[in-house]
Amino acid sequence: MKIPVVNCPTCNAPVAWIAENRWKPFCSERCKLIDLGQWATGKYRVPAEEQEPEEEPPLPQ
C-alpha cells in the first residue's frame with residue numbers, strides 16, 4: 001500500500017500521512033506553531049454571515 005503524502009500548509013514540504021508523524025499535516029513543530037500564531041493574531045478567519053439577533057419573548061407581568 002502506498003503511503004499518502006500531503007503538503008505542509010505552512011512551507012509546502014511533502015509530509016507522509018502516517019500515525020508516527022506527530023506533526024501532521026505539518027512537517028515540523030515549527031510549522032505547526034507558525035500556523036497557530038496566524039490564527040491567534042487573526043490573520044486566518046472563518047467567514048461568517050452576520051445574523052439578526054433573535055427577538056426575546058416578552059416577560060410575563
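Look above for the structure.
Below you will find a few notes about this structure. (Residues numbered from 1 in each chain as written. Predicted model: local features only at pLDDT ≥ 70, side-chain atom pairs only at ≥ 80, totals over all residues. Heavy atoms only, no water.)

1. Observations concerning the overall build of the chain
- Within the chain, the regular secondary structure consists of one helix and two strands.
- Walking the chain from its N terminus toward its C terminus, one meets helices and strands in the order β-β-α.
- A compact globule built from 61 residues should have a C-alpha radius of gyration of about 10 Å, whereas the chain, at 21 Å, is more than 25% larger.
- The dimensions of the chain, computed from C-alpha atoms along their principal axes, are 70 × 30 × 20 Å.
- Relative to its full complement of 61 residues, the chain shows a buried share of 11%.
- For the chain, long-range pairs separated by at least 24 residues make up 4% of all intrachain contacts whose partners lie at least 6 apart in sequence.
- With the model as given, the accessible surface of the chain reaches about 6000 Å², and the carbon-plus-sulfur share is 55%.
- Of the side-chain charges in the chain, 7 are positive and 9 negative, and the distance between the mean point of each set is 23 Å. (Helix = DSSP H or I, 4+ residues; strand = E, 2+ residues; numbered from the N terminus. Rg over C-alpha atoms; globule rule 2.2 N^0.38 Å. Buried < 20%, exposed > 50% of the residue type's maximum accessible area, 1.4 Å probe, protein only. Contact = heavy atoms within 4.5 Å. Areas by Shrake-Rupley, 256 points an atom, 1.4 Å probe, with all protein chains shown as cover. Lys, Arg positive; Asp, Glu negative; His and termini not counted. Charge placed at Lys NZ, Arg CZ, Asp CG, Glu CD.)

2. Focus: the environment of Glu 52
- Looking at where Glu 52 falls in the secondary structure, it is placed in the segment after α1 (29-40).
- Given a relative accessible area of 72%, Glu 52 falls into the exposed group.
- Each C-alpha atom, one on Glu 52 and one on Trp 23, is 40 Å from the other, the two residues being 29 residues apart in sequence.

3. With respect to a nonpolar patch on the surface
- The grouping of Trp 39, Tyr 44 and Val 46 at the surface amounts to a nonpolar patch, some 320 Å² of accessible area in total.
- When you line up the elements, Trp 39 lands in helix α1. (Patch = residues over 30% accessible without salt bridge, like charges linked within 9 Å, V, L, I, M, F, W, Y side chains within 5 Å. Salt bridge = Lys/Arg side-chain N within 4 Å of Asp/Glu carboxyl O.)

4. Remarks on the nonpolar core
- By size, the foremost hydrophobic cluster in this structure holds five residues: Cys 8, Val 15, Trp 23, Phe 26 and Cys 31.
- Setting aside chain neighbours within four positions, we find Val 15 in contact with Pro 4, Val 5, Val 6, Cys 8, Asn 21, Pro 25, Phe 26 and Cys 27. (Core = buried A, V, L, I, M, F, W, Y, C linked by side-chain atoms within 4.5 Å.)

5. Some points on the state of the cysteines
- A complete count under the given rule lists zero disulfides for this structure.
- Its sulfur unpaired, Cys 11 is 3.5 Å from the next cysteine sulfur, which belongs to Cys 27.
- Exposure remark for Cys 11: the relative accessible area of 40% places this residue in the partly exposed category.
- As a non-bridged cysteine, Cys 31 has Cys 27 as the owner of its nearest cysteine sulfur, 3.6 Å distant.
- Look at Cys 31 and you get buried, because its relative accessible area is 2%. (Disulfide = S-S within 2.5 Å.)

6. What to know about the packing of aromatic side chains
- What the rule picks out here adds up to one aromatic pair.
- With a centroid separation of 5.3 Å and 70 degrees between ring planes, the pair formed by Trp 39 and Tyr 44 is classed as edge-to-face.
- Residue Trp 39 is classed as partly exposed on the basis of its relative accessible area, which comes to 43%. (Phe/Tyr/Trp six-rings, centres within 6.5 Å; stacked < 30°, edge-to-face > 60°.)

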